[in-house]
Amino acid sequence: MKNIVSGLAAGLFGLMLGAGALSGAANAEDALAKVKAAGELKVGTETQFAPFDFIDAGDHVGLNVDVFNEIGKELGVKIVWEDLPWESVLPGLDAGKFDIVAGPATITKARMEHYRFTVPIADATCAILKAAGDNSVQKPEDIAGKAIGAGKASSQMDQLKAYAATLKNVDIREYVDNSTAYADLAAGRIAGVANSLPNIAYVAAQRPDTFAVVEPPFGQKSYFGYVGRKDDDHKSLMDAIDQALVKMKHDGRLAAMEKKWFGLVFDTPDTVPAPNF
Amino acid sequence: MSWKYFELLALGAGVTAIISALAIVFGLAIAVPIAAASLARNRLLHRLGRSYISFFRGVPLLVQLMLLYYLLPGISINLPNTATAVVGLALCTAAYQAENLRGGFLNVAPGLVEAARMVGLGDRQILLHIRLPIAFRLVLPAIVNEAILILKSSSLVSVVGVSELTRMAQNLSTSTFKPLDMYTMAGLLYLLLNWSIAAGGLGLERALHWGRR
(Lines give C-alpha, C1' and ligand atoms only; values in the text may rest on other atoms or scores of the structure.)
Protein backbone atom coordinates (compact mmCIF):
# COMPACT_ATOMS: atom_id res chain seq x y z
CA MET A 1 0.00 0.00 0.00
CA LYS A 2 2.79 2.35 0.94
CA ASN A 3 4.44 1.77 -2.44
CA ILE A 4 1.26 2.59 -4.28
CA VAL A 5 0.82 5.79 -2.33
CA SER A 6 4.39 6.97 -2.80
CA GLY A 7 4.32 5.95 -6.46
CA LEU A 8 1.11 7.85 -6.99
CA ALA A 9 2.40 10.90 -5.15
CA ALA A 10 5.61 10.84 -7.19
CA GLY A 11 3.63 10.48 -10.40
CA LEU A 12 1.35 13.38 -9.56
CA PHE A 13 4.29 15.51 -8.52
CA GLY A 14 6.08 14.64 -11.77
CA LEU A 15 3.00 15.62 -13.73
CA MET A 16 2.87 18.97 -11.98
CA LEU A 17 6.59 19.61 -12.57
CA GLY A 18 6.18 18.64 -16.19
CA ALA A 19 3.20 20.92 -16.49
CA GLY A 20 5.13 23.78 -14.93
CA ALA A 21 8.15 23.26 -17.17
CA LEU A 22 6.07 22.99 -20.32
CA SER A 23 3.72 25.85 -19.63
CA GLY A 24 6.41 28.40 -20.46
CA ALA A 25 7.22 26.74 -23.76
CA ALA A 26 3.60 26.14 -24.74
CA ASN A 27 2.65 29.79 -24.45
CA ALA A 28 5.80 31.29 -25.89
CA GLU A 29 3.99 33.18 -28.60
CA ASP A 30 3.00 36.77 -28.91
CA ALA A 31 -0.45 37.08 -27.31
CA LEU A 32 -1.67 39.91 -29.56
CA ALA A 33 -0.72 37.96 -32.70
CA LYS A 34 -2.50 34.89 -31.30
CA VAL A 35 -5.65 36.85 -30.48
CA LYS A 36 -5.73 38.42 -33.93
CA ALA A 37 -5.08 35.09 -35.65
CA ALA A 38 -7.93 33.47 -33.71
CA GLY A 39 -10.15 36.49 -34.37
CA GLU A 40 -11.36 36.48 -30.78
CA LEU A 41 -10.38 37.87 -27.43
CA LYS A 42 -11.32 35.56 -24.54
CA VAL A 43 -12.40 37.44 -21.43
CA GLY A 44 -12.85 35.74 -18.05
CA THR A 45 -15.17 37.28 -15.47
CA GLU A 46 -17.86 36.59 -12.89
CA THR A 47 -21.29 37.73 -14.04
CA GLN A 48 -22.35 38.63 -10.48
CA PHE A 49 -20.78 42.08 -10.20
CA ALA A 50 -23.41 44.64 -11.15
CA PRO A 51 -23.19 47.07 -12.84
CA PHE A 52 -19.95 45.82 -14.45
CA ASP A 53 -21.01 42.29 -15.34
CA PHE A 54 -24.39 40.79 -14.58
CA ILE A 55 -27.39 39.00 -15.98
CA ASP A 56 -30.33 41.30 -16.65
CA ALA A 57 -33.53 39.65 -17.83
CA GLY A 58 -31.41 36.78 -19.03
CA ASP A 59 -28.79 38.71 -20.95
CA HIS A 60 -25.18 39.30 -19.96
CA VAL A 61 -24.91 43.10 -19.75
CA GLY A 62 -22.95 45.80 -17.93
CA LEU A 63 -20.22 48.35 -18.33
CA ASN A 64 -17.70 45.59 -19.12
CA VAL A 65 -19.78 44.29 -22.02
CA ASP A 66 -19.99 47.78 -23.55
CA VAL A 67 -16.30 48.55 -22.97
CA PHE A 68 -15.07 45.24 -24.38
CA ASN A 69 -17.31 45.54 -27.42
CA GLU A 70 -15.47 48.78 -28.21
CA ILE A 71 -12.07 47.19 -27.46
CA GLY A 72 -13.06 44.38 -29.84
CA LYS A 73 -13.82 46.94 -32.53
CA GLU A 74 -10.46 48.68 -31.99
CA LEU A 75 -8.55 45.38 -32.23
CA GLY A 76 -10.78 43.96 -34.96
CA VAL A 77 -11.69 40.83 -32.98
CA LYS A 78 -14.79 39.22 -31.49
CA ILE A 79 -15.21 39.12 -27.69
CA VAL A 80 -15.84 35.72 -26.12
CA TRP A 81 -17.00 35.74 -22.47
CA GLU A 82 -16.36 33.07 -19.86
CA ASP A 83 -18.22 33.18 -16.55
CA LEU A 84 -16.54 31.59 -13.52
CA PRO A 85 -16.71 31.97 -9.73
CA TRP A 86 -14.36 34.85 -8.83
CA GLU A 87 -11.86 32.60 -7.00
CA SER A 88 -11.39 30.63 -10.25
CA VAL A 89 -10.98 33.68 -12.47
CA LEU A 90 -7.42 34.82 -11.71
CA PRO A 91 -6.01 31.24 -11.62
CA GLY A 92 -7.73 30.69 -14.98
CA LEU A 93 -5.85 33.70 -16.36
CA ASP A 94 -2.58 32.16 -15.13
CA ALA A 95 -3.47 28.83 -16.74
CA GLY A 96 -4.05 30.56 -20.08
CA LYS A 97 -7.78 29.82 -20.19
CA PHE A 98 -8.49 33.37 -21.32
CA ASP A 99 -6.51 36.42 -22.43
CA ILE A 100 -7.70 39.00 -19.91
CA VAL A 101 -9.93 39.28 -16.85
CA ALA A 102 -12.78 41.78 -16.82
CA GLY A 103 -13.96 41.85 -13.21
CA PRO A 104 -12.76 44.56 -12.81
CA ALA A 105 -10.37 44.32 -9.86
CA THR A 106 -9.19 47.05 -7.54
CA ILE A 107 -5.63 48.02 -8.42
CA THR A 108 -3.57 47.05 -5.36
CA LYS A 109 0.14 46.67 -4.64
CA ALA A 110 -0.13 42.93 -3.99
CA ARG A 111 -1.99 42.28 -7.24
CA MET A 112 0.43 44.42 -9.23
CA GLU A 113 3.25 42.10 -8.20
CA HIS A 114 1.59 39.24 -10.10
CA TYR A 115 -0.49 40.89 -12.78
CA ARG A 116 -0.51 43.80 -15.14
CA PHE A 117 -3.50 46.12 -14.86
CA THR A 118 -5.01 48.10 -17.71
CA VAL A 119 -5.42 51.84 -17.22
CA PRO A 120 -8.17 52.58 -14.64
CA ILE A 121 -11.74 52.41 -15.91
CA ALA A 122 -13.58 53.50 -12.76
CA ASP A 123 -13.15 54.78 -9.23
CA ALA A 124 -13.02 51.94 -6.69
CA THR A 125 -12.96 53.85 -3.43
CA CYS A 126 -14.74 51.94 -0.70
CA ALA A 127 -17.98 53.17 0.87
CA ILE A 128 -20.78 51.85 3.09
CA LEU A 129 -24.21 50.74 1.93
CA LYS A 130 -26.88 50.92 4.65
CA ALA A 131 -30.57 50.10 4.90
CA ALA A 132 -32.78 52.92 3.63
CA GLY A 133 -34.18 54.86 6.57
CA ASP A 134 -31.56 53.69 9.04
CA ASN A 135 -30.88 56.99 10.80
CA SER A 136 -28.29 55.55 13.17
CA VAL A 137 -25.73 55.48 10.34
CA GLN A 138 -25.25 59.00 8.93
CA LYS A 139 -21.50 59.01 8.30
CA PRO A 140 -18.90 56.23 7.93
CA GLU A 141 -17.69 56.38 11.56
CA ASP A 142 -21.23 55.56 12.77
CA ILE A 143 -20.54 51.89 12.02
CA ALA A 144 -18.74 51.63 15.39
CA GLY A 145 -20.47 48.97 17.47
CA LYS A 146 -22.37 47.56 14.48
CA ALA A 147 -22.12 44.49 12.24
CA ILE A 148 -20.74 45.26 8.77
CA GLY A 149 -20.25 42.79 5.94
CA ALA A 150 -17.92 42.64 2.93
CA GLY A 151 -16.81 40.12 0.35
CA LYS A 152 -14.29 37.50 1.40
CA ALA A 153 -10.80 37.91 -0.11
CA SER A 154 -11.80 41.27 -1.58
CA SER A 155 -9.71 44.38 -1.29
CA GLN A 156 -12.82 46.05 0.18
CA MET A 157 -12.59 43.62 3.09
CA ASP A 158 -8.97 44.66 3.70
CA GLN A 159 -9.99 48.31 3.63
CA LEU A 160 -12.92 47.71 5.94
CA LYS A 161 -10.64 45.93 8.43
CA ALA A 162 -8.11 48.75 8.33
CA TYR A 163 -10.84 51.35 8.82
CA ALA A 164 -12.59 49.37 11.57
CA ALA A 165 -9.33 49.20 13.50
CA THR A 166 -9.59 52.99 14.00
CA LEU A 167 -13.13 52.67 15.46
CA LYS A 168 -14.66 50.81 18.39
CA ASN A 169 -16.25 47.33 18.25
CA VAL A 170 -17.01 46.93 14.58
CA ASP A 171 -18.29 43.40 14.07
CA ILE A 172 -16.91 42.39 10.64
CA ARG A 173 -18.71 39.62 8.76
CA GLU A 174 -17.16 37.86 5.74
CA TYR A 175 -19.39 36.89 2.82
CA VAL A 176 -18.68 34.58 -0.11
CA ASP A 177 -20.27 37.07 -2.49
CA ASN A 178 -21.69 40.56 -2.24
CA SER A 179 -25.23 39.52 -3.07
CA THR A 180 -25.45 37.44 0.12
CA ALA A 181 -24.19 40.45 2.07
CA TYR A 182 -26.84 42.69 0.45
CA ALA A 183 -29.51 40.07 1.26
CA ASP A 184 -28.42 40.04 4.92
CA LEU A 185 -28.50 43.83 4.99
CA ALA A 186 -32.01 43.83 3.55
CA ALA A 187 -33.02 41.22 6.15
CA GLY A 188 -31.59 43.39 8.95
CA ARG A 189 -28.92 40.89 10.04
CA ILE A 190 -26.16 43.45 9.48
CA ALA A 191 -26.13 47.26 9.55
CA GLY A 192 -24.05 47.85 6.44
CA VAL A 193 -22.01 46.42 3.57
CA ALA A 194 -18.62 47.80 2.54
CA ASN A 195 -18.01 47.76 -1.20
CA SER A 196 -16.64 50.06 -3.84
CA LEU A 197 -18.71 53.16 -4.57
CA PRO A 198 -19.81 52.28 -8.15
CA ASN A 199 -21.20 48.92 -7.03
CA ILE A 200 -23.19 50.17 -4.06
CA ALA A 201 -24.36 53.29 -5.89
CA TYR A 202 -25.82 50.96 -8.51
CA VAL A 203 -27.44 48.68 -5.90
CA ALA A 204 -28.96 51.68 -4.09
CA ALA A 205 -30.25 53.10 -7.37
CA GLN A 206 -31.88 49.76 -8.23
CA ARG A 207 -33.61 49.38 -4.87
CA PRO A 208 -33.99 52.88 -3.39
CA ASP A 209 -36.65 51.66 -0.91
CA THR A 210 -34.26 49.14 0.61
CA PHE A 211 -30.74 50.57 0.40
CA ALA A 212 -28.92 53.88 0.68
CA VAL A 213 -25.29 54.98 0.29
CA VAL A 214 -23.45 56.48 3.26
CA GLU A 215 -21.47 59.50 2.03
CA PRO A 216 -18.58 60.14 1.87
CA PRO A 217 -16.58 57.01 0.98
CA PHE A 218 -14.37 55.94 3.89
CA GLY A 219 -11.60 54.14 2.03
CA GLN A 220 -8.36 55.32 0.51
CA LYS A 221 -8.56 56.52 -3.09
CA SER A 222 -8.32 53.54 -5.43
CA TYR A 223 -9.23 52.54 -8.98
CA PHE A 224 -10.66 49.63 -10.91
CA GLY A 225 -8.74 48.14 -13.82
CA TYR A 226 -8.90 45.00 -15.92
CA VAL A 227 -6.33 42.32 -15.15
CA GLY A 228 -3.89 40.79 -17.61
CA ARG A 229 -0.70 38.78 -17.52
CA LYS A 230 2.61 40.40 -16.77
CA ASP A 231 4.91 38.30 -18.97
CA ASP A 232 6.59 39.53 -22.16
CA ASP A 233 4.29 37.46 -24.41
CA HIS A 234 1.31 39.49 -23.23
CA LYS A 235 2.94 42.92 -23.37
CA SER A 236 1.76 43.69 -26.92
CA LEU A 237 -1.81 42.65 -26.11
CA MET A 238 -1.96 44.69 -22.90
CA ASP A 239 -0.43 47.70 -24.67
CA ALA A 240 -3.04 47.47 -27.43
CA ILE A 241 -5.89 47.25 -24.90
CA ASP A 242 -4.51 50.21 -22.94
CA GLN A 243 -4.30 52.20 -26.15
CA ALA A 244 -7.91 51.39 -27.00
CA LEU A 245 -9.05 52.38 -23.50
CA VAL A 246 -7.18 55.71 -23.54
CA LYS A 247 -8.66 56.43 -26.95
CA MET A 248 -12.14 55.72 -25.56
CA LYS A 249 -11.49 58.07 -22.63
CA HIS A 250 -10.44 60.89 -24.91
CA ASP A 251 -13.28 60.62 -27.44
CA GLY A 252 -15.92 60.44 -24.69
CA ARG A 253 -17.09 56.86 -25.29
CA LEU A 254 -16.04 55.68 -21.81
CA ALA A 255 -17.65 58.70 -20.14
CA ALA A 256 -20.94 57.96 -21.93
CA MET A 257 -20.84 54.37 -20.69
CA GLU A 258 -20.06 55.42 -17.12
CA LYS A 259 -22.97 57.84 -17.24
CA LYS A 260 -25.20 55.03 -18.50
CA TRP A 261 -24.23 52.48 -15.84
CA PHE A 262 -23.31 54.54 -12.76
CA GLY A 263 -25.26 57.75 -13.36
CA LEU A 264 -22.00 59.69 -12.93
CA VAL A 265 -18.66 60.05 -14.68
CA PHE A 266 -15.41 59.24 -12.90
CA ASP A 267 -12.22 61.16 -13.38
CA THR A 268 -9.63 58.44 -13.97
CA PRO A 269 -5.96 58.82 -14.96
CA ASP A 270 -4.57 57.67 -18.34
CA THR A 271 -1.86 55.57 -16.73
CA VAL A 272 -1.92 53.08 -13.86
CA PRO A 273 -1.30 55.18 -10.72
CA ALA A 274 0.80 53.85 -7.86
CA PRO A 275 -1.73 52.16 -5.54
CA ASN A 276 -2.21 53.52 -2.00
CA PHE A 277 -2.42 49.99 -0.53
CA MET B 1 -41.36 34.44 -11.63
CA SER B 2 -41.25 35.50 -15.23
CA TRP B 3 -41.20 33.02 -18.08
CA LYS B 4 -37.79 34.28 -19.23
CA TYR B 5 -36.13 33.14 -15.98
CA PHE B 6 -37.77 29.77 -16.16
CA GLU B 7 -36.46 29.40 -19.71
CA LEU B 8 -32.93 30.20 -18.56
CA LEU B 9 -33.09 27.75 -15.67
CA ALA B 10 -34.42 25.09 -18.03
CA LEU B 11 -31.47 25.85 -20.30
CA GLY B 12 -29.15 25.32 -17.32
CA ALA B 13 -30.96 22.07 -16.53
CA GLY B 14 -30.36 21.00 -20.14
CA VAL B 15 -26.62 21.62 -19.74
CA THR B 16 -26.67 19.67 -16.46
CA ALA B 17 -28.56 16.79 -18.10
CA ILE B 18 -26.26 16.53 -21.13
CA ILE B 19 -23.02 16.80 -19.17
CA SER B 20 -24.22 14.27 -16.60
CA ALA B 21 -25.53 11.84 -19.21
CA LEU B 22 -22.20 11.89 -21.07
CA ALA B 23 -20.30 11.50 -17.78
CA ILE B 24 -22.48 8.55 -16.73
CA VAL B 25 -22.03 6.75 -20.07
CA PHE B 26 -18.28 7.40 -20.37
CA GLY B 27 -17.84 6.71 -16.67
CA LEU B 28 -19.43 3.26 -17.03
CA ALA B 29 -17.31 2.55 -20.10
CA ILE B 30 -14.15 3.42 -18.18
CA ALA B 31 -15.35 1.49 -15.11
CA VAL B 32 -15.51 -1.87 -16.92
CA PRO B 33 -11.75 -2.21 -17.61
CA ILE B 34 -10.94 -0.69 -14.20
CA ALA B 35 -13.13 -3.25 -12.44
CA ALA B 36 -11.63 -6.03 -14.58
CA ALA B 37 -8.13 -4.84 -13.73
CA SER B 38 -8.82 -4.67 -10.02
CA LEU B 39 -10.20 -8.25 -10.16
CA ALA B 40 -7.26 -9.51 -12.21
CA ARG B 41 -4.80 -12.05 -10.77
CA ASN B 42 -1.95 -10.27 -12.56
CA ARG B 43 -0.32 -8.17 -9.83
CA LEU B 44 0.52 -5.18 -12.03
CA LEU B 45 -3.00 -4.96 -13.48
CA HIS B 46 -4.49 -5.36 -10.03
CA ARG B 47 -2.31 -2.54 -8.67
CA LEU B 48 -3.15 -0.26 -11.57
CA GLY B 49 -6.87 -0.81 -11.05
CA ARG B 50 -6.64 -0.26 -7.30
CA SER B 51 -4.49 2.90 -7.71
CA TYR B 52 -7.01 4.39 -10.11
CA ILE B 53 -9.85 3.74 -7.70
CA SER B 54 -7.99 4.99 -4.65
CA PHE B 55 -6.96 8.22 -6.39
CA PHE B 56 -10.26 9.17 -7.99
CA ARG B 57 -12.26 8.10 -4.95
CA GLY B 58 -9.85 9.68 -2.51
CA VAL B 59 -9.49 13.17 -3.96
CA PRO B 60 -12.52 15.48 -3.81
CA LEU B 61 -14.20 15.98 -7.18
CA LEU B 62 -13.84 19.76 -6.84
CA VAL B 63 -10.06 19.38 -6.51
CA GLN B 64 -9.96 16.97 -9.48
CA LEU B 65 -11.83 19.48 -11.63
CA MET B 66 -9.44 22.27 -10.61
CA LEU B 67 -6.43 20.04 -11.39
CA LEU B 68 -7.81 19.19 -14.84
CA TYR B 69 -8.63 22.82 -15.55
CA TYR B 70 -5.33 24.32 -14.45
CA LEU B 71 -2.90 21.44 -15.20
CA LEU B 72 -3.89 20.36 -18.70
CA PRO B 73 -3.13 23.72 -20.42
CA GLY B 74 0.36 23.39 -18.88
CA ILE B 75 0.95 20.23 -20.92
CA SER B 76 -0.54 21.90 -24.01
CA ILE B 77 -3.91 20.18 -23.78
CA ASN B 78 -6.51 22.92 -23.92
CA LEU B 79 -9.89 21.23 -23.68
CA PRO B 80 -13.05 23.31 -24.02
CA ASN B 81 -14.71 23.91 -20.65
CA THR B 82 -17.60 21.51 -21.25
CA ALA B 83 -15.17 18.75 -22.25
CA THR B 84 -13.14 19.39 -19.09
CA ALA B 85 -16.35 19.04 -17.07
CA VAL B 86 -17.39 15.78 -18.76
CA VAL B 87 -13.89 14.27 -18.45
CA GLY B 88 -13.64 15.28 -14.79
CA LEU B 89 -17.04 13.85 -13.87
CA ALA B 90 -16.51 10.67 -15.92
CA LEU B 91 -13.07 9.89 -14.44
CA CYS B 92 -14.41 10.34 -10.93
CA THR B 93 -17.65 8.40 -11.31
CA ALA B 94 -15.73 5.57 -13.05
CA ALA B 95 -13.91 4.83 -9.78
CA TYR B 96 -17.21 4.36 -7.91
CA GLN B 97 -18.86 2.43 -10.74
CA ALA B 98 -15.81 0.13 -10.95
CA GLU B 99 -16.26 -0.70 -7.28
CA ASN B 100 -19.97 -1.33 -7.87
CA LEU B 101 -19.17 -3.68 -10.74
CA ARG B 102 -16.47 -5.46 -8.77
CA GLY B 103 -18.88 -5.95 -5.86
CA GLY B 104 -21.50 -7.43 -8.18
CA PHE B 105 -18.99 -9.77 -9.72
CA LEU B 106 -17.77 -11.04 -6.37
CA ASN B 107 -21.33 -11.69 -5.27
CA VAL B 108 -22.23 -14.14 -8.02
CA ALA B 109 -22.84 -17.34 -6.02
CA PRO B 110 -19.88 -19.72 -6.51
CA GLY B 111 -22.37 -22.61 -6.62
CA LEU B 112 -23.79 -21.26 -9.89
CA VAL B 113 -20.37 -21.16 -11.50
CA GLU B 114 -19.62 -24.67 -10.27
CA ALA B 115 -22.97 -25.92 -11.62
CA ALA B 116 -22.25 -24.32 -14.99
CA ARG B 117 -18.88 -26.02 -15.08
CA MET B 118 -20.57 -29.37 -14.20
CA VAL B 119 -22.87 -29.14 -17.21
CA GLY B 120 -19.85 -28.55 -19.41
CA LEU B 121 -19.80 -24.78 -20.06
CA GLY B 122 -16.40 -23.30 -20.84
CA ASP B 123 -14.84 -20.27 -19.07
CA ARG B 124 -15.96 -17.90 -21.81
CA GLN B 125 -19.52 -19.19 -21.79
CA ILE B 126 -19.64 -19.01 -18.00
CA LEU B 127 -18.48 -15.37 -18.16
CA LEU B 128 -20.94 -14.33 -20.86
CA HIS B 129 -24.00 -16.32 -19.85
CA ILE B 130 -23.70 -16.76 -16.09
CA ARG B 131 -21.38 -14.30 -14.34
CA LEU B 132 -21.94 -11.10 -16.35
CA PRO B 133 -25.77 -11.18 -16.53
CA ILE B 134 -26.11 -12.03 -12.85
CA ALA B 135 -23.53 -9.46 -11.81
CA PHE B 136 -25.25 -6.80 -13.89
CA ARG B 137 -28.61 -7.48 -12.29
CA LEU B 138 -27.01 -7.35 -8.85
CA VAL B 139 -25.31 -3.98 -9.45
CA LEU B 140 -28.09 -2.18 -11.30
CA PRO B 141 -29.51 -0.37 -8.24
CA ALA B 142 -26.01 0.71 -7.19
CA ILE B 143 -25.24 1.98 -10.72
CA VAL B 144 -28.44 4.03 -10.77
CA ASN B 145 -27.55 5.35 -7.32
CA GLU B 146 -24.16 6.55 -8.53
CA ALA B 147 -25.72 8.07 -11.66
CA ILE B 148 -27.99 10.18 -9.44
CA LEU B 149 -25.03 11.18 -7.26
CA ILE B 150 -22.98 12.31 -10.26
CA LEU B 151 -25.87 14.35 -11.63
CA LYS B 152 -25.99 16.21 -8.34
CA SER B 153 -22.18 16.54 -8.26
CA SER B 154 -22.34 18.19 -11.66
CA SER B 155 -23.30 21.36 -9.75
CA LEU B 156 -19.54 21.67 -9.10
CA VAL B 157 -18.52 22.11 -12.73
CA SER B 158 -19.17 25.86 -12.71
CA VAL B 159 -15.60 26.16 -11.37
CA VAL B 160 -14.37 25.21 -14.83
CA GLY B 161 -16.59 27.80 -16.48
CA VAL B 162 -19.67 25.78 -17.37
CA SER B 163 -23.00 27.52 -16.74
CA GLU B 164 -25.07 24.61 -15.52
CA LEU B 165 -28.24 24.70 -13.45
CA THR B 166 -26.77 25.75 -10.08
CA ARG B 167 -24.59 28.46 -11.62
CA MET B 168 -27.53 29.77 -13.59
CA ALA B 169 -29.62 29.96 -10.41
CA GLN B 170 -26.76 31.80 -8.64
CA ASN B 171 -26.34 34.31 -11.46
CA LEU B 172 -30.06 34.95 -11.68
CA SER B 173 -30.51 35.29 -7.94
CA THR B 174 -27.81 37.98 -7.76
CA SER B 175 -29.40 40.03 -10.52
CA THR B 176 -33.06 39.55 -9.53
CA PHE B 177 -32.51 39.63 -5.74
CA LYS B 178 -34.87 36.64 -5.57
CA PRO B 179 -32.66 33.77 -4.38
CA LEU B 180 -35.56 31.82 -2.88
CA ASP B 181 -37.47 31.63 -6.19
CA MET B 182 -34.39 30.72 -8.20
CA TYR B 183 -33.09 28.00 -5.89
CA THR B 184 -36.54 26.49 -5.38
CA MET B 185 -36.95 26.25 -9.13
CA ALA B 186 -33.44 24.79 -9.50
CA GLY B 187 -34.18 22.23 -6.79
CA LEU B 188 -37.38 21.16 -8.55
CA LEU B 189 -35.55 20.79 -11.86
CA TYR B 190 -32.88 18.61 -10.22
CA LEU B 191 -35.63 16.50 -8.69
CA LEU B 192 -37.24 16.08 -12.09
CA LEU B 193 -33.96 15.01 -13.71
CA ASN B 194 -33.23 12.50 -10.97
CA TRP B 195 -36.74 11.09 -11.11
CA SER B 196 -36.17 10.29 -14.76
CA ILE B 197 -32.90 8.51 -13.95
CA ALA B 198 -34.58 6.55 -11.14
CA ALA B 199 -37.55 5.68 -13.34
CA GLY B 200 -35.19 4.54 -16.11
CA GLY B 201 -33.33 2.35 -13.63
CA LEU B 202 -36.53 0.75 -12.33
CA GLY B 203 -37.74 0.19 -15.88
CA LEU B 204 -34.47 -1.53 -16.74
CA GLU B 205 -34.73 -3.71 -13.64
CA ARG B 206 -38.22 -4.76 -14.64
CA ALA B 207 -37.17 -5.43 -18.22
CA LEU B 208 -34.38 -7.70 -16.94
CA HIS B 209 -36.58 -9.48 -14.40
CA TRP B 210 -34.73 -12.77 -14.52
CA GLY B 211 -35.80 -14.98 -11.68
CA ARG B 212 -38.33 -12.48 -10.33
CA ARG B 213 -41.96 -13.29 -10.60
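Residues numbered from 1 in each chain as written. Chains lettered and ligands numbered in written order. Predicted model: local features only at pLDDT ≥ 70, side-chain atom pairs only at ≥ 80, totals over all residues. Heavy atoms only, no water.

Draft legend 1. View of the pairing of strand β14 (residues 223-229) of chain A. Residues and elements named next belong to chain A. Among the seven residues that make up β14, seven are buried, leaving the element largely enclosed by the rest of the structure. With three bridges connecting them, strand β6 (residues 100-106) and β14 associate as antiparallel partners. Residue pairing across strands places Ala-105 opposite Gly-225, the latter belonging to β14. Of the strand pairs in this sheet, strand β7 (residues 115-117) and β14 are connected by three bridges, and their pairing is antiparallel. When the sheet's bridge partners are listed, Tyr-115 is paired in β14 with Arg-229. Inspection of the sheet shows strand β8 (residues 122-123) paired to β14 by two bridges, in the antiparallel sense. What sits directly across from Ala-122, in β14, is Phe-224. (Buried < 20%, exposed > 50% of the residue type's maximum accessible area, 1.4 Å probe, protein only. Helix = DSSP H or I, 4+ residues; strand = E, 2+ residues; numbered from the N terminus. Pairing = 2+ DSSP bridges.)

Draft legend 2. Region of the structure containing the pattern of salt bridges. Residues and elements named next belong to chain A. The full count for this structure, using the stated rule, is 21 salt bridges over all chains. When the shortest N-O distance is used, the salt bridge between Lys-235 and Asp-239 registers 2.9 Å. On the criterion of helical spacing, the pair formed by Lys-235 and Asp-239 is a turn pair, its members being four residues apart in helix α9 (residues 235-250). Judged by relative accessible area, Asp-239 falls into the partly exposed class, the value being 29%. Among the ionic contacts, a cluster of salt bridges with common partners joins Glu-70, Lys-73, Glu-74, Lys-247, Asp-251 and Arg-253. (Salt bridge = Lys/Arg side-chain N within 4 Å of Asp/Glu carboxyl O.)

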